[in-house]
Amino acid sequence: MKGFLKKRRYFFISCASVCVVLLVWFLWCDVFKMTETTVFPGPVKVLTTFIQKLTQRNPDNATLLQHTITSLQTCLLGYGIGAVVGIPMGILMAWNKWCDRFIRPLFDLIRPIPGLAWIPLFIVLFGIGIGAKAMVIFINSMVACTVNAYTGIQQTRQEHIWLGDVFGASNAQKLFKIAIPSATPMIFTGLRTALGGSWMALVAAELLASSKGLGFMIQNARLISRPDLIIVGMLCIGVVGLVLDVILEAVEKMVAKGKKKKLLGINFLCGAVSILAFLVLWNIAVQGELGKMLPGPIPVLEKFFTSLVSGKIGQNTLVEHAFYSLLRVMAGGALGAGGGGAGR
């Protein structure tokens, strides 16, 4: 028990800091009534709004899940394209001096321009749909991925390159067997930095031009004076960003340590990408005529979460159906095992 507490002490300290903030917030707003609920609501009001917004579309004609999935879809689309373009470009610039001389001037010209400065131009070119916001995120993520991949390759120790020369390695072998593996930590640092920057740029873009998303929900709540809904949106942004960063950090640890863990990390990453790609393609497919026959992923997920604890499927909730099915399987297995034992 003592060893477990020692290993987890930093986790408990982190949880304690969150609990202290929630306690102070609760005492300030709900116990001592230092501010009006219409100005700064307490955690109880925010939690109530969060639960209601999971199933209710008012006041912005979308549920919290719809806003979150819309933001995630746009963010991951722009982020994925930015990573696919930025990482190879950074590696190529660092490894080949001719590519560096050709690409570097244009990249250095684009790099200082903040992503938000591109929003008016992209709105004119692509409208207020997913294209404009995805392009803003692409610029942000591409720059971060390129810079970190470039730095990682540049920091490859010259002794390792010389060792490759001694064993007769080709230029491509030195790149893929020495330079890229040694630059993996920096590449993942770029991916994590780009993910955080992409999420922030997306929300800012949605504040200016969007019809759905967490940024749009916050902006709409500001216009109708709903601070509880604003805080719900802010907390969702923080939680989703934290979850994405934790997932990417876990993949980094699996890829960077050992062959088995590396293989596991690659499989996990490929599985997550394939699932996300399937959901995005499914959502795009149902926008046309197919949407009249097949529901999209957002209504399906909404129905799932609603029926999980409250919505009825027949006479029971989804949890109750699953529990009864598990009991039947366990009872059948027990009877089968008993019959087999009696036969022997």
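Structural notes, computed from the coordinates. (Residues numbered from 1 in each chain as written. Predicted model: local features only at pLDDT ≥ 70, side-chain atom pairs only at ≥ 80, totals over all residues. Heavy atoms only, no water.)

### Here we look at the overall build of the protein chain
Next, step 1: Each helix and strand counted, the protein chain has 14 helices and zero strands in total.
Next, step 2: Reading the protein chain from its N end, one meets helices and strands in the order α-α-α-α-α-α-α-α-α-α-α-α-α-α.
Next, step 3: In the protein chain, buried positions account for 34% of the 344 residues.
Next, step 4: Across the protein chain, every contact between residues at least 6 apart in sequence was considered, and the portion connecting residues at least 24 apart equals 61%.
Next, step 5: Here the protein chain has roughly 21,200 Å² of accessible surface; of this, 71% comes from carbon and sulfur atoms. (Helix = DSSP H or I, 4+ residues; strand = E, 2+ residues; numbered from the N terminus. Buried < 20%, exposed > 50% of the residue type's maximum accessible area, 1.4 Å probe, protein only. Contact = heavy atoms within 4.5 Å. Areas by Shrake-Rupley, 256 points an atom, 1.4 Å probe, with all protein chains shown as cover.)

### As for the nonpolar core
Next, step 1: Grouped together as the largest cluster of nonpolar side chains are 58 residues, with contacts concentrated most on Tyr 79, Ile 87, Ile 91, Ile 187, Leu 191, Trp 199 and Leu 214.
Next, step 2: Of all the elements in the fold, those that place two or more residues in this core are α2 (9-31), α4 (64-95), α5 (97-110), α6 (119-126), α7 (130-154), α9 (171-208), α10 (214-223) and α11 (227-256).
Next, step 3: The leading source of residues in this core is α9, at 13 residues.
Next, step 4: Once you skip the residues sitting within four places of it in the chain, Leu 191 turns out to touch Tyr 79, Ala 83, Ile 87, Cys 145 and Leu 248. (Core = buried A, V, L, I, M, F, W, Y, C linked by side-chain atoms within 4.5 Å.)

### Considering unusual backbone geometry
Next, step 1: Following Asn 58, the chain continues to Pro 59 via a peptide bond in cis, the omega torsion being 5 degrees.
Next, step 2: Position of Pro 59 relative to the elements: it lies in the loop between α3 (43-53) and α4.
Next, step 3: Although it is not a glycine, Lys 33 adopts a positive phi angle of roughly 55 degrees.
Next, step 4: Looking at the secondary structure, you find Lys 33 in the loop between α2 and α3.
Next, step 5: For Lys 33, a relative accessible area of 58% translates into the label exposed.
Next, step 6: The backbone phi angle of Ser 225 is positive, close to 60 degrees, even though this residue is not glycine.
Next, step 7: Tracing the chain through its elements places Ser 225 in the loop between α10 and α11.
Next, step 8: Given a relative accessible area of 58%, Ser 225 falls into the exposed group.

### Describing the environment of Trp 95
Next, step 1: Mapping Trp 95 onto the fold places it in helix α4.
Next, step 2: In this view, Trp 95 contacts Ile 153, Ile 161, Asn 171, Lys 174, Leu 175 and Ala 179; residues no more than four positions away in its chain are not counted.

### Topic: a nonpolar patch on the surface
Next, step 1: On the surface, a cluster of nonpolar side chains totalling about 940 Å² of accessible area is made up of Leu 23, Phe 26, Leu 27, Trp 28, Val 31, Phe 32, Met 34, Val 39, Phe 40 and Val 44.
Next, step 2: It is α2 that provides the largest number of residues to the nonpolar patch, a total of five residues.
Next, step 3: Of note, Leu 23 is situated in helix α2. (Patch = residues over 30% accessible without salt bridge, like charges linked within 9 Å, V, L, I, M, F, W, Y side chains within 5 Å. Salt bridge = Lys/Arg side-chain N within 4 Å of Asp/Glu carboxyl O.)

### Some details on the packing of aromatic side chains
Next, step 1: Scanning the entire structure with this criterion turns up three aromatic pairs.
Next, step 2: Look at Trp 118 and Phe 122: their rings are 5.5 Å apart centre to centre, the planes differ by 15 degrees, and that puts the pair in the stacked class.
Next, step 3: Here Trp 118 falls in the buried class, since its relative accessible area comes to 18%.
Next, step 4: Through pairs of rings, three or more aromatic residues link up here, namely Trp 118, Phe 122 and Phe 126.
Next, step 5: The ring of Trp 98 carries the charged tip of Arg 101 above its face, separated from the ring centre by 5.1 Å. (Phe/Tyr/Trp six-rings, centres within 6.5 Å; stacked < 30°, edge-to-face > 60°. Lys NZ or Arg CZ within 6 Å of the ring centre and 35° of its normal.)

### A few points about the packing of α4 against α5
Next, step 1: It is at 6 Å that the axes of α4 and α5 come closest, and there the two elements cross at 125 degrees. In terms of axis orientation, α4 runs oblique to α5. α5 is crossed by α4, and the crossing has left-handed handedness. Counting all contacts with α4, which are made through Met 89, Leu 92, Met 93 and Trp 95, the residues of α5 involved are Lys 97, Cys 99, Asp 100, Ile 103, Arg 104 and Phe 107.
Next, step 2: Taken together, the residues that form the contact of α4 with α5 break down as seven nonpolar, no polar and three charged. (Axes fitted to C-alpha atoms, helices over the stretch in contact; angles between N-to-C directions. Parallel < 35°, antiparallel > 145°, perpendicular 65-115°, else oblique. Left-handed = near helix turned anticlockwise from the far one by under 90°. Nonpolar A, V, L, I, M, F, W, Y, C, P; charged D, E, K, R; others polar.)

### Looking at the pattern of salt bridges
Next, step 1: Counting across every chain of the model gives nine salt bridges.
Next, step 2: Between Lys 53 and Asp 60 there is a salt bridge, with its nearest N and O atoms 2.6 Å apart. We note that Lys 53, like Asp 60, is buried.
Next, step 3: Taken together, the salt bridges that share partners define one network made up of Lys 45, Arg 226 and Asp 228.

### Structural notes on the environment of Ile 224
Next, step 1: Topologically, Ile 224 is positioned in the loop between α10 and α11.
Next, step 2: Here the alpha-carbon distance between Ile 224 and Pro 59, two residues 165 residues apart in the chain, equals 8.8 Å.

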